[in-house]
Amino acid sequence: MPRRHKIALIGAGNIGGELAALAAREELGDVVLFDIPEKEGVAKGKALDLEQNGSVLGYDSHITGTANWDDCAGADVVIVTAGVPRKPGMSRDDLLSINLKIIRNVGENLKQKCKDAFVIVISNPLDAMVYELKKVTGFQKSKVVGMAGVLDSARMQLFLARELGVSIKDVRPMVLGGHGDTMVPVTSYCTVNGVPVKTLIAKDKLDAIVARTAGGGGEIVKLMGTSAYYAPASAAIQMARAYLYDEKRLLPCAAYCEGEYGYKDLYIGVPVVIGAGGVEKIVQIELTSDEKAMLDKSAGAVRELVEASKKL
Ligand SMILES: NC(=O)c1ccc[n+]([C@@H]2O[C@H](COP(=O)([O-])OP(=O)(O)OC[C@H]3O[C@@H](n4cnc5c(N)ncnc54)[C@H](O)[C@@H]3O)[C@@H](O)[C@H]2O)c1
């Protein structure tokens, strides 16, 4: 008998709440919204509010708020947002020591309760956190992935569409590398339905968009005092859907490299195909020498963070 999918959301904060709303609205399955005991009321309250929202909107997903790991057992998809977000003036890397402890705790529990899940990590600093989660759980590399490239590309897509005066639907962006200031908007692969953006936009305008994309998260932190949550949640739901419905989407995600692009034992943003097998493959694309140099620099920054994590 087919059964409904189960989606466990670890962290019931801003992104966790929006993830639950989207997963329910899209009827991806039943949703478990997990948080620490001090926040169990928030998790339960959001869950009840969202179930009542289902009465208005007409979806049937069951949504449970909890601080009990047993409720997450057997999840098909786990999305991890546990941790603290940035405040104005902070870099993602400033979150390392506090979020590392949280990710280790989450990893230990996932190992016990959710051993068959496809795990999408969102917590920052993203590339170091997803590396740690794979290390702690010992899960296969195809089943542990980080969300960053879909969001960073979405930001670039918006800025390009607005600058060019075209529909957002026709802009195909591509942002690779670590989820930090060194991310690599790969302009040679950005097109408007196949037309290279470089042929449509002046170099100084494109450079400004590249810079705004790399600082895209910080721009929102400065405005709101905390990090973005609508687009990050939608990006992770796109990845979850690709897995649950075997969509074979080609998406930029933080994936575990074992030689691809010349990187070993490293999570970094690269184009991958997500289907029923999880991260089914890493797609290796030709990069210009400048782009490869930028990707190498970004990989170096991620590796530094991973090395710092090992000492904490
Ligand atoms: N990858 C990306 O592109 C991206 C984008 C935006 C934000 N983020 C990151 O996502 C994370 C979450 O952001 P947010 O805005 O939802 O933050 P938030 O503070 O609103 O929510 C985080 C939640 O995690 C919970 N938590 C803490 N320790 C936990 C544990 N051990 N187990 C379960 N839950 C625990 C907190 O109680 C809180 O409710 C942050 O680290 C943020 O920097 C990543």
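Residues numbered from 1 in each chain as written. Predicted model: local features only at pLDDT ≥ 70, side-chain atom pairs only at ≥ 80, totals over all residues. Heavy atoms only, no water.

(A) Examining the overall build of the protein chain more closely. Secondary structure assignment for the protein chain yields nine helices and 14 strands. Taken over the C-alpha trace, the protein chain has a radius of gyration of 19 Å; the compact-globule value for 312 residues is 20 Å, and the two agree within 12%. Across its three principal axes, the protein chain shows a C-alpha extent of roughly 50 × 45 × 40 Å. Relative to its 312 residues, the protein chain shows a buried fraction of 53%. Contacts spanning at least 24 positions in sequence make up 70% of the contacts within the protein chain whose residues lie at least 6 apart. Put simply, the protein chain shows about 13,900 Å² of open surface, and 52% of that area lies on carbon and sulfur atoms. A gap of 2 Å separates the mean positions of the 38 positive and 38 negative side-chain charges of the protein chain. (Helix = DSSP H or I, 4+ residues; strand = E, 2+ residues; numbered from the N terminus. Rg over C-alpha atoms; globule rule 2.2 N^0.38 Å. Buried < 20%, exposed > 50% of the residue type's maximum accessible area, 1.4 Å probe, protein only. Contact = heavy atoms within 4.5 Å. Areas by Shrake-Rupley, 256 points an atom, 1.4 Å probe, with all protein chains shown as cover. Lys, Arg positive; Asp, Glu negative; His and termini not counted. Charge placed at Lys NZ, Arg CZ, Asp CG, Glu CD.)

(B) Here's a closer look at the site of the ligand. For the ligand, the set of nearby residues contains 28 residues, the closest of which are Asn14, Ile15, Asp35, Val84 and Met147. A distance of 3.4 Å separates an oxygen atom of the ligand from a polar atom in the backbone of Gly83. Interatomic distance of 2.9 Å between a backbone N/O atom of Val84 and an oxygen atom of the ligand. Burial of the ligand by the protein amounts to 91% of the accessible area it has alone, namely 860 Å². With three residues, the single largest contributor to the shell around the ligand is helix α3 (residues 96–113). Looking at the shell around the ligand residue by residue, the classes come out as 15 nonpolar, 11 polar and two charged. (Near = heavy atom within 4 Å. Polar contact = N/O pair within 3.5 Å; in protein donor to acceptor, adjacent residues only side chain to side chain. Nonpolar A, V, L, I, M, F, W, Y, C, P; charged D, E, K, R; others polar.)

(C) Region of the structure containing helix α1 (residues 14–25). Here α1 contains 12 residues, and its C-alpha end-to-end distance of 17 Å stays within 8% of the 16 Å for a straight helix at 1.5 Å per residue. Along α1, 10 of the 12 residues are buried, which leaves the element largely enclosed by surrounding structure. Looking at α1, one finds that the buried residues are Ile15, Gly16, Gly17, Glu18, Leu19, Ala20, Ala21, Leu22, Ala23 and Ala24. Buried residues in α1 make contact with β1 (6–10), β2 (30–34), α2 (40–57), β3 (63–66), β4 (77–80) and α8 (230–244). Backbone geometry just downstream of α1 places Glu27 in the positive-phi region, at approximately 50°. (Expected span 1.5 Å × (residues − 1).)

(D) Molecular detail of the sheet that holds strand β11 (residues 195–196). Ordered in space as β7-β10-β11, the three strands form an open sheet in which the pairing is antiparallel. Bordering the open sheet on either side are β7 (171–172) and β11, each of which pairs with just one other strand. Relative to β11, strand β10 (residues 191–192) runs antiparallel, the two being bridged by two bridges. Bridging from a neighbouring strand, Val192 pairs with Val195 of β11. (Pairing = 2+ DSSP bridges.)

(E) Region of the structure containing the packing of α1 against α2. At a minimum axis separation of 10 Å, α1 and α2 run at an interaxial angle of 30°. The orientation of α1 with respect to α2, classified from their angle, is roughly parallel. Two packed elements cross with a definite hand, and for α1 against α2 that hand is right-handed. Contacts from Asn14, Gly17, Ala20, Ala21 and Arg25 in α1 reach Lys46, Leu50, Asn53 and Leu57 in α2. Looking at the contact of α1 with α2 residue by residue, the classes come out as four nonpolar, three polar and two charged. (Axes fitted to C-alpha atoms, helices over the stretch in contact; angles between N-to-C directions. Parallel < 35°, antiparallel > 145°, perpendicular 65-115°, else oblique. Left-handed = near helix turned anticlockwise from the far one by under 90°.)

(F) Broad picture of the nonpolar core. The biggest cluster of nonpolar side chains holds 91 residues, and the ones touching the most others in it are Ile10, Val78, Ile79, Leu110 and Ile120. Among the elements that take part in this core, α8 stands out by supplying nine residues, more than any other. In contact with Val78, other than residues within four places in its own chain, are Ala8, Ile10, Leu110, Cys114, Ala117, Phe118, Val119 and Ile120. Listed in part, the 15 residues of the second largest apolar core include Met156, Leu160, Ile201 and Ala214. (Core = buried A, V, L, I, M, F, W, Y, C linked by side-chain atoms within 4.5 Å.)

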